[in-house]
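# Notes for the structure review
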Amino acid sequence: MQAVSLPAQKNANPVAIIFDSDMGPDYDDVGAIAMLHAFADSGYVKILATVASTKYEGVAAIFNVFNTYFKRPGLTIGVPKGKALELKDVQHWTDTLLLKYPHGIKSNNEVPDATEVYRSVLASQPDKSVTIVTVGFLTNLSALLQSPPDKYSTLNGKELVGQKVKQLVCMAGRFPSGSEFNVNRDAAASQFVFNNWQTPVLLSGFEIGQKIKVGLPLIHNDVIKNSPVKEVFSICIPLSQEDSAGRMSWDETAVLVAVKGYKPWYNVEAGKMIVADDGSNTWIKDPGTHNHLTEAQSPAFVQQLINTLIMHQPLKK
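Below is a short write-up of the structure. (Residues numbered from 1 in each chain as written. Predicted model: local features only at pLDDT ≥ 70, side-chain atom pairs only at ≥ 80, totals over all residues. Heavy atoms only, no water.)

### Thoughts on the overall build of the chain
Check the secondary structure of the chain and you find 13 helices and 12 strands. Considered along the principal axes of its C-alpha atoms, the chain spans approximately 50 × 40 × 40 Å. In the chain, the share of contacts with a sequence separation of at least 24, taken over all contacts with a separation of at least 6, comes to 82%. Surface exposure of the chain reaches about 12700 Å², of which carbon and sulfur atoms provide 52%. Where the 29 positive side-chain charges of the chain centre and where its 30 negative ones centre are 7 Å apart. (Helix = DSSP H or I, 4+ residues; strand = E, 2+ residues; numbered from the N terminus. Contact = heavy atoms within 4.5 Å. Areas by Shrake-Rupley, 256 points an atom, 1.4 Å probe, with all protein chains shown as cover. Lys, Arg positive; Asp, Glu negative; His and termini not counted. Charge placed at Lys NZ, Arg CZ, Asp CG, Glu CD.)

See below:
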């Protein structure tokens, strides 16, 4: 089997993305960041920053492992320095990656606070130009919305988001109702964000990624060597019987629709996401600013696409 690289896009108008991930407890985050770099290599994306929504020691270094592997070692990384979850992977793939793969950042102390990263990056971008992709907790976005003016901008957080953000794409929630990990782990933050975010929001719910199983073509691809992406899937898939056909692909779907749009794979339903105090969510059908994905095609089409994208190899530079 051959290694995969995407063709470069000519005359691209790349999507400017801040990528926000819990990078752990699950490993679909690894597929998501691999896709993000694949799209950047092919001209579809300009990565503005990679931000952690959890603050276990080593998360900044893990982001740097992937950014370094894909030949973007200088990408800005942020980690929440205030109240935040510290959830980490149970399969210990992060420990393996930090031992085996190059990374210039060793400690969370070496990177700025996530809110500072958001404010500095957003302030430097054209109006209505930034897509934020969150595939973890809403901790950082809640803090951003509540942030005061600073040296980067005279606008408060809500104003800055309203001026600079084009769209928020989240892997979050279950539809039409339920309780989902990214939302319920920091319920207060989730509730605040979905009550106060004022730009368009596109949600990929649990039920979307649950049907998409990926990773087997990657771990059986003998051409790909010394890859932290392959390493993670190779470690984790054998550890769980439910992953025998591949890992469910929640986070990857958010990156896909943020970059390529939701058609032809999905339709959207307009409404409003309501988060209860316990982090469970319901959906009100309403012509609001929220939309969630509904299936338009078989999940097999997206599965094949994601399997291809996560096998992308770094460009030779």
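### A few points about the packing of helix α1 (residues 28–41) against helix α2 (residues 59–69)
Running from N to C, α1 and α2 cross one another at 35°; their axes reach a closest spacing of 10 Å. Every pair of crossing elements has a handedness; the one defined by α1 and α2 is right-handed. For the pair α1 and α2, contact is made by Val30, Ile33 and His37 and by Phe63, Phe66 and Asn67, respectively. Of the residues in the contact of α1 with α2, the class split is four nonpolar, two polar and no charged. (Axes fitted to C-alpha atoms, helices over the stretch in contact; angles between N-to-C directions. Left-handed = near helix turned anticlockwise from the far one by under 90°. Nonpolar A, V, L, I, M, F, W, Y, C, P; charged D, E, K, R; others polar.)

### Quick look at the pattern of salt bridges
Within the structure shown, the criterion is met by 10 salt bridges. We note a salt bridge from aspartate 127 to lysine 164, for which the minimum N-O separation is 3.1 Å. Taken as a pair, aspartate 127 in the loop between α4 (114–123) and β4 (130–134) and lysine 164 in helix α6 (residues 157–164) lie far apart in primary sequence, 37 residues in all. On the basis of relative accessible area, lysine 164 is assigned to the buried category, the value being 8%. Taking the shortest distance from any N to any O, the salt bridge between arginine 247 and aspartate 243 comes out at 2.7 Å. The exposure class assigned to aspartate 243 is buried, which follows from its relative accessible area of 2%. (Salt bridge = Lys/Arg side-chain N within 4 Å of Asp/Glu carboxyl O. Buried < 20%, exposed > 50% of the residue type's maximum accessible area, 1.4 Å probe, protein only.)

### Things to note about α6
Within α6, burial applies to Gly157, Leu160, Val161 and Lys164. All buried residues of α6 fall inside an arc of 100° around its axis, so they share one side. Next to the buried residues of α6 lie α4, β4, α5 (139–145) and β5 (165–171). (Arc of directions from axis to C-beta.)

### Details of unusual backbone geometry
The omega torsion of the bond from phenylalanine 175 to proline 176 falls at 15°, within 30 degrees of zero and hence cis. Counting through the fold element by element, proline 176 comes out in the loop between β5 and β6 (178–179). Even without a glycine there, the phi angle at lysine 71 is positive, about 65°. Looking at where lysine 71 falls in the secondary structure, it is placed in the loop between α2 and β3 (77–78).

### Some words on the packing of α2 against helix α11 (residues 228–236)
In the contact formed by α2 and α11, the axes pass within 10 Å of each other and the chain directions differ by 130°. As the angle between them shows, α2 and α11 are arranged oblique. Counting all contacts with α2, which are made through Val65, Phe66 and Tyr69, the residues of α11 involved are Pro228, Val229 and Val232. Class assignment for the residues of the contact of α2 with α11 results in six nonpolar, no polar and no charged. (Parallel < 35°, antiparallel > 145°, perpendicular 65-115°, else oblique.)

### A word on the pairing of β4
Extensive coverage of β4 is indicated by the burial of five of its five residues. Taking every second residue as pointing to the same face, both faces of β4 are buried, with Val130, Ile132 and Thr134 on one and Thr131 and Val133 on the other. For strand β1 (residues 15–21) and β4, the ladder comprises five bridges, and the chain directions are parallel. Note on β4: the bridge partner recorded for alanine 16 is valine 130. (Pairing = 2+ DSSP bridges.)

### Let's talk about the side chain of serine 142
Mapping serine 142 onto the fold places it in helix α5. Looking at serine 142, the relative accessible area reads 8%, which means it is buried. Setting aside residues up to four positions removed in sequence, serine 142 forms contacts with Ala189, Phe192 and Val193.

### Some points on the pairing of β1
In terms of burial, β1 is largely enclosed, as seven of its seven residues are buried. Burial along β1 is two-sided: Val15, Ile17, Phe19 and Ser21 and Ala16, Ile18 and Asp20, pointing in opposite directions, are all buried. Of the pairings in the sheet, the one linking β1 to strand β2 (residues 45–52) comprises seven bridges and is parallel in character. Paired with valine 15 across the bridge in β2 is valine 45. For the segment spanning β1, α1 and β2, crossover handedness is right-handed. (Right-handed = clockwise from strand over helix to strand, strands pointing away.)

### Quick look at the environment of phenylalanine 70
Note on placement: phenylalanine 70 falls in the loop between α2 and β3. Accessibility expressed as a relative area gives 1% for phenylalanine 70, which makes it buried. Along the sequence, phenylalanine 70 and alanine 34 sit 36 residues apart, while their C-alpha atoms lie 8.3 Å from each other. When near neighbours in sequence (up to four residues on either side) are disregarded, phenylalanine 70 contacts Ala34, His37, Val229, His312 and Pro314.

None of this, on its own, says anything about what the molecule does.
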